[in-house]
Amino acid sequence: MFLTMKVAFRNISRQKKRSFLLAGAIAFGMLAITLMNALTGGVVGNIRDNFSHALGGHVFITGREWTDAGQMIMKIRSDANLDRLLEENASQIEAFTRRSQAMPSLIFGSQQTMHMVYGVDFSEEDKLLDSLVVTHGSLDELGSKDDLIILPQPVGERLGVEVGETILIRLETLTGQQNVGEVKVAAFIEDQEELGLSAAYTSRAYLNTLLGMDSHEYQMLNMFVTDLDFVEGFARTFREGLRTLEEEEEEEAEPAVTVTVAGMPLDPMGEQEELTPWEGTRYQVMNINQIMEAVELVVGVLNQVGLVIFLILLVVTMVGITNTFRMMMIERTKEIGTMRAFGMHQKQVKRIFLWEAVLLGLLGCMAGLVLSGVFAMVVGSLSLNTDPSLQFFLNNGKITFSLPIGSVFLNTALVVFTSLLAAYWPARAAAKMSPMKALSSHT
Amino acid sequence: MAIVELENVKKVYTLGKAEVHAVRGVTFTIEKGDFASIVGPSGSGKSTILNLIGCIDQPTEGIVSINGTCTEGLKDKALTTLRHETLGFIFQSFNLIPVLNVYENIEFPLLLGKNRPGKKETKEWIEFLVEAVGLADHMHHKSNELSGGQRQRVAIARALATKPEIVLADEPTANLDSKTGQSIIELMKKMNSDLNTTFVFSTHDRTIMEIADHVIELLDGLIVKNSRTSAEAGNIS
Ligand SMILES: Nc1ncnc2c1ncn2[C@@H]1O[C@H](COP(=O)(O)OP(=O)(O)OP(=O)(O)O)[C@@H](O)[C@H]1O
Ligand SMILES: [Mg+2]
C-alpha cells in the first residue's frame, strides 16, 4: 500500500507538464462548480437577509377571525395562549414586533399615492429604528406622539410634501368602511431596498383607530429568531401551539405563499372561497424559508445545471485521463515488467495507476478550490454599483460567496470517482500484461 | 541439491500462423551455489530458458522446478510469490525504476513482500549491499545520474535485496564496454561466493563465460554441451 502510493506519487511528478494539464483540467471544472455553488449559496443568504430585513422578521404570525356580519378580517387579539408560547420560547426569539398594516392612499394637496404603511409600536422596534437612514427630519418624537408618519424619501417627493407638514391617509377599515385620518410627516428615510420594499411607518395605535381596531390589537406578529437553522421547528412549535381543535380535525392544507412587492408575506384572504366561518381566531404561521422556497427552487435548478456542466467537463477530462493513462502504461511497460519480475502482484500494479488517478484528482480539486477561494476573495471585496434591482442579491453591494462544505465533498468525491473510473481500464490492462512480454518490450 | 531442474522442456511461440520452436527439449539441473552461464548464438534460446527459470514465462511442454517447487499449473499469484521469494533479476538494460533513487531501487523488492524485516535491519542490509557494490557515495542519486556500469551495480544489489536463492541475469554485460562488463561479472562472482547465491547468466562473450563454473551451451533450442567444474565438488554432470 505504502509502496504503491509512493511510486504513484513520484510518477505524478515524472511528466510534470502532462500531470499539470490533467490536474489543470480537473481544477478548472472544480473551479467552475465551486464558484457556481458558492455564488448561489451566497445569493440565497443575501436574499434571505434582505427579505427578513424588508419583512421585519423570520417568522410571521397572522390571525383571522369572522365578524358577526360574516366577514373575515385579519386581526390578533390578546391571547393568553400566544403569550405563553412567546414566553416559553423566549430564548429562541431575538426580537419580535407586533404590527398592523394597510395600503392606504396618501394624499397631499392634489397629489396622492398608494403605499404600504405599517403601524408599529416604536418601543419594540429597535431593529427597525436602527436600520432606517433618516434623510430629513428626526425620529425623536415618535415615542411620544401617535399621529406621526415616516415616509420613504421617494414617496415624499412624489407627494411634494416637506417634513412637518400634514398629509391625509385614506383607507378602508377592516370591515370595509371608508375612513380618513391626518398624520404629520416626522421624517424621510432612505428607500433602502430600492425595490419599493420600504414601507411608511406610523404608530400602531393610530393606524388601529383608522382600521377600526383596539390599540392593543394587531395584525401581524413578526419574530426574529436567534438561530435561523432552527426556524422551521420554531415555526412549527407556534403553528401547533396555536392550532384549535377544529383546525386539527380539518387538517387543512398549508396555504400557498405569495410574495407581493408591497412586502406582505402572505395572501390573507384571497384563497379558499368555500370557507365556513369559525369561532375565535385562527392563526397562520409563516417562516422565511417558506418564502425562500421559490428562490431556493431557482437556485436548486441553477446548481443542477451547474452539476450537469461539471459532469460534462468531468467526462471530457475522463477521456483525457484514460488516454493519458494508456500512454503511461505503454511508456512504462518495461518498468511494469521489472516490478512484476521482482514479485509485484497484479493488483499492486493496478493500485499504482489508481493511486496516481486519485492523487491527480485530489490535486486538481485542491487547486480548483484554492483558485475559487482566491477568486471569491478578490471579487467579494469589490463594491458593485450595479442596477438597484440587483442589490437585492448582494450584501451591501458586495457579492457574497458561501460554500456548503457538503458540496465540496460531493464534488471532490465525484472527481476522484471519475478519475478512478477513467484510470481503471488502463490500470487493469497494465496489471494483466504478461511480465515476459512487458520485459521484452522496447519502450 | 539441484536448485533448478528442467526436464524435457519445450517452448513454442506462435507468431500468427508460424510456430517458432525456441526451446526443443532441454533437460539440465543447476546446483545451489553454482555460477552458471548459458551460452549460445543469437536465437539459440538463452533468453527463453532464463524466462522459464525466472517463472515469467511457462513451458509449452516439460517440467521446470525451482527450489523444489514444480511450476506446472501455478497461477499468476503463486508464480509472483515464488519469484519474490526465490528469485532475483538482472537485466541487459538495467531496468532501474527511474523515479526511485539508488537506495530505494535496492529496497524496492523488499517492500513488495508481506513479511518484511524490521526497519533498522532493512536499512543495515541495504547499506551493506550498496557498500558491497561500491556505490556508497551514490546512495541518493537517481538512475539517470549514473553510468551504465553503476546502474548495473545497483541492479545487482537490487537482485540480492530479498536474499534470493537464485539470481538470473540475461546478458548483463551486453550494454557495457568489455572492461566494465568484466568487472560486473567479477562482482557477481564475488556475491556468488560471499552469499552462496546461485547465479545463472546468459552471454555470448567467451571471456566472460570462462569465469562460470557451470556452462550450458545451446544451439537452436537444444543443449550441445553441459559442463560443470565446481571448485568444491568438482563433479561434472
Ligand atoms: N515472444 C516471442 N514470440 C515469438 N518468438 C520468440 C519470442 N521470444 C523469442 N522468440 C524466438 O525464439 C527463438 C529464441 O529466442 P531467444 O530470445 O530465447 O534467443 P536468445 O538466445 O536469447 O537470442 P539473443 O542472443 O539474440 O538474445 C528466436 O528465434 C526468437 O525469434
Ligand atoms: Mg536473449
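Draft legend 1. Geometry of the pattern of salt bridges. Residue and element names in this part refer to chain A. The final tally for this structure, using the stated rule, is 24 salt bridges over all chains. Between R204 and E124 there is a salt bridge whose closest N-O contact spans 3.8 Å. With R204 in helix α6 (residues 204-211) and E124 in the loop between β6 (117-120) and α4 (126-131), the pair connects residues that are 80 residues apart, well separated along the chain. It is possible to trace a salt-bridge network through shared partners that takes in E65, K75, R77 and E217.

Draft legend 2. Highlighting the sheet that holds strand β10 (residues 222-228) of chain B. Residues and elements named next belong to chain B. With mixed pairing, the 6 strands of this open sheet are ordered in space as β6-β7-β8-β3-β9-β10. Two strands in the sheet have a free side with no partner beyond their single neighbour: β6 (87-90) and β10. Ignoring strand direction, the axes of neighbouring strands in this sheet form an average angle of 15°. Relative to β6, helix α2 (residues 76-86) is tilted by about 80°, and along the sheet it contacts β6 and β7 (166-170).

Draft legend 3. Region of the structure containing the layout of surface pockets. Space inside the largest pocket adds up to approximately 740 Å³. As for the largest pocket, its lining consists of 27 residues, of which L439(A), S440(A), S47(B), N51(B) and D170(B) are closest to the centre. Elements with a minimum of two residues in the lining of the largest pocket: α13 (435-440) of chain A together with β1 (2-15), α1 (46-53), β6 and β7 of chain B. Here the residues of the lining of the largest pocket are counted per class, giving 12 nonpolar, 9 polar and 6 charged.

Draft legend 4. Examining the state of the cysteines more closely. Under the criterion given, the structure shown has 0 disulfides over all chains. Among the cysteines around C70(B), which has no disulfide bond, C55(B) carries the closest sulfur, lying 10 Å off.

Draft legend 5. Looking closely at empty space enclosed by the protein. Residues and elements named next belong to chain A. On inspection of all chains with the given rule, the structure shows 3 cavities of 30 Å³ or more. A volume near 80 Å³ is recorded for the largest cavity. Lining of the largest cavity is provided by N11, I12, Q15, R18, S19, L22, T324, F325, M328, R332, E356 and L360. Elements supplying a minimum of two residues to the lining of the largest cavity: α1 (2-12), α2 (16-55), α9 (288-331) and α11 (346-380). Surrounding the second largest cavity, V7, N11, R332, E335, I336, M339, V349, I352 and F353 form its lining. Elements that contribute at least two residues to the lining of the second largest cavity include exactly α1, α10 (333-341) and α11. Its residues assigned to classes, the lining of the second largest cavity comprises 6 nonpolar, 1 polar and 2 charged.

Draft legend 6. Region of interest: the pairing of strand β2 (residues 18-31) of chain B. All names here are of chain B. One ladder, built from 11 bridges, connects β1 with β2; its direction is antiparallel. Of the residues in β2, the one forming a bridge with T14 is E19. Here β1 folds back onto β2, and the loop between the two strands holds 2 residues, one of which, G16, carries a positive phi near 65°.

Draft legend 7. Highlighting a nonpolar patch on the surface. Residues and elements named next belong to chain A. Judged by side-chain polarity, V301, V305 and I309 come together as a nonpolar surface patch covering roughly 250 Å² of accessible area. Turning to its location among the elements, I309 is positioned in helix α9. On the basis of relative accessibility, which here comes to 46%, the residue I309 falls in the partly exposed class.

Draft legend 8. Region of the structure containing the packing of aromatic side chains. Evaluation of the coordinates by the stated rule reveals 10 aromatic pairs over all chains. Aromatic side chains F35(B) and F201(B) sit 5.1 Å apart centroid to centroid with 50° between the ring planes, which places their arrangement in the tilted category. Note that F35(B) is positioned in strand β3 (residues 35-39) and F201(B) in strand β8 (residues 198-203), a separation of 166 residues in sequence. F201(B) sits in the buried class, given a relative accessible area of 0%. The aromatic ring of Y218(A) is capped on one face by R98(A), whose charged end is 5.9 Å from the ring centroid.

Draft legend 9. How the structure looks around the sheet that holds strand β4 (residues 61-66) of chain B. Strand order in this open sheet of 4 strands is β2-β1-β4-β5 (chain B), and the pairing throughout is antiparallel. Strands at the two margins of the open sheet, each flanked by one partner only, are β2 and β5 (69-70) of chain B.

Draft legend 10. Examining the site of ligand 1 more closely. Residues and elements named next belong to chain B. Taken together, the neighbourhood of ligand 1 is formed by 14 residues, with S42, G43, K46, S47 and T48 sitting nearest. At 3.3 Å from an oxygen atom of ligand 1 is found a main-chain nitrogen or oxygen belonging to S44. One of the backbone nitrogen or oxygen atoms of G45 is found 3.0 Å away from an oxygen atom of ligand 1. For ligand 1, whose free accessible area comes to 630 Å², the fraction covered by protein is 67%. For the shell around ligand 1, the secondary-structure elements that each account for two or more residues are β1, β2 and α1. Its residues assigned to classes, the shell around ligand 1 comprises 5 nonpolar, 7 polar and 2 charged.

Draft legend 11. The arrangement of the packing of helix α3 (residues 102-112) of chain B against helix α5 (residues 148-160) of chain B in detail. Residue and element names in this part refer to chain B. Look at α3 against α5: their axes get within 7 Å of each other, and the N-to-C directions meet at 30°. On the basis of the axis angle, α3 is roughly parallel to α5. In this structure, the crossing between α3 and α5 has a hand that is right-handed. Taken together, the residues of α5 that come into contact with α3 (itself represented by V102, N105, I106 and P109) are V154, A157 and R158.

Draft legend 12. Spatial organisation of the packing of α2(A) against α9(A). All names here are of chain A. It is at 9 Å that the axes of α2 and α9 come closest, and there the two elements cross at 175°. In this view, α2 runs roughly antiparallel relative to α9, as classed from their interaxial angle. Split into classes, the residues belonging to the contact of α2 with α9 amount to 23 nonpolar, 10 polar and 4 charged.

Draft legend 13. Molecular detail of the confidence of the model for chain A. The predicted model of chain A averages 85 in pLDDT, with 91% of residues at 70 or higher. The model gives residues 256-273 of chain A a pLDDT under 50, and that stretch makes 37 contacts with residues more than four places away or in other chains.

Draft legend 14. Quick peek at the pairing of strand β5 (residues 111-114) of chain A. All names here are of chain A. Sheet topology places strand β4 (residues 105-108) next to β5; 4 bridges connect them, and they run antiparallel. Across the sheet, the residue bridging to F108 is Q111, located in β5. From the end of β4 to the start of β5, which pair antiparallel, there are 2 residues, and G109 there has a positive phi angle of about 60°.

Draft legend 15. Inspection of the domain arrangement of chain A at higher detail. Partitioning chain A into structural domains gives domain 1 (2-49 + 294-440) and domain 2 (96-214). Distance between the C-alpha centres of domain 1 of chain A and domain 2 of chain A: 56 Å.

Draft legend 16. The interface of chain B and chain A, seen in detail. Residue-level contacts link 27 residues of chain B with 21 residues of chain A. When chain B packs against chain A, close to 2,300 Å² is buried across both sides, 65% of that on carbon and sulfur atoms. If you sort the residues of chain B by the area they bury against chain A, I56(B), V99(B) and L112(B) come out on top, with a joint share of 24%. Summed over the shared surface of chain B and chain A, the number is 3 salt bridges. We note a salt bridge from D76(B) to R340(A), for which the minimum N-O separation is 2.6 Å. Of all the secondary structure elements, the ones that give two or more residues to the side of chain B that touches chain A are α2, β6, α3 and α5 of chain B. Along the lines of polarity and charge, the residues of the side of chain B that touches chain A split into 13 nonpolar, 7 polar and 7 charged.

The rules behind these values
Residues numbered from 1 in each chain as written. Chains lettered and ligands numbered in written order. Predicted model: local features only at pLDDT ≥ 70, side-chain atom pairs only at ≥ 80, totals over all residues. Heavy atoms only, no water. Salt bridge = Lys/Arg side-chain N within 4 Å of Asp/Glu carboxyl O. Helix = DSSP H or I, 4+ residues; strand = E, 2+ residues; numbered from the N terminus. Pairing = 2+ DSSP bridges. Axes fitted to C-alpha atoms, helices over the stretch in contact; angles between N-to-C directions. Contact = heavy atoms within 4.5 Å. 1 Å grid on protein atoms, 1.4 Å probe; cavity = no way out; pocket = protein on both sides within 12 Å on 5 of 7 lines; lining within 4 Å. Points joined across faces, edges and corners; volume = space filled by probe spheres on them. Nonpolar A, V, L, I, M, F, W, Y, C, P; charged D, E, K, R; others polar. Disulfide = S-S within 2.5 Å. Patch = residues over 30% accessible without salt bridge, like charges linked within 9 Å, V, L, I, M, F, W, Y side chains within 5 Å. Areas by Shrake-Rupley, 256 points an atom, 1.4 Å probe, with all protein chains shown as cover. Buried < 20%, exposed > 50% of the residue type's maximum accessible area, 1.4 Å probe, protein only. Phe/Tyr/Trp six-rings, centres within 6.5 Å; stacked < 30°, edge-to-face > 60°. Lys NZ or Arg CZ within 6 Å of the ring centre and 35° of its normal. Near = heavy atom within 4 Å. Polar contact = N/O pair within 3.5 Å; in protein donor to acceptor, adjacent residues only side chain to side chain. Parallel < 35°, antiparallel > 145°, perpendicular 65-115°, else oblique. Left-handed = near helix turned anticlockwise from the far one by under 90°. pLDDT = per-residue confidence, 0-100. Domains from an automatic or database assignment. Buried area = accessible area lost by both parts, 1.4 Å probe.

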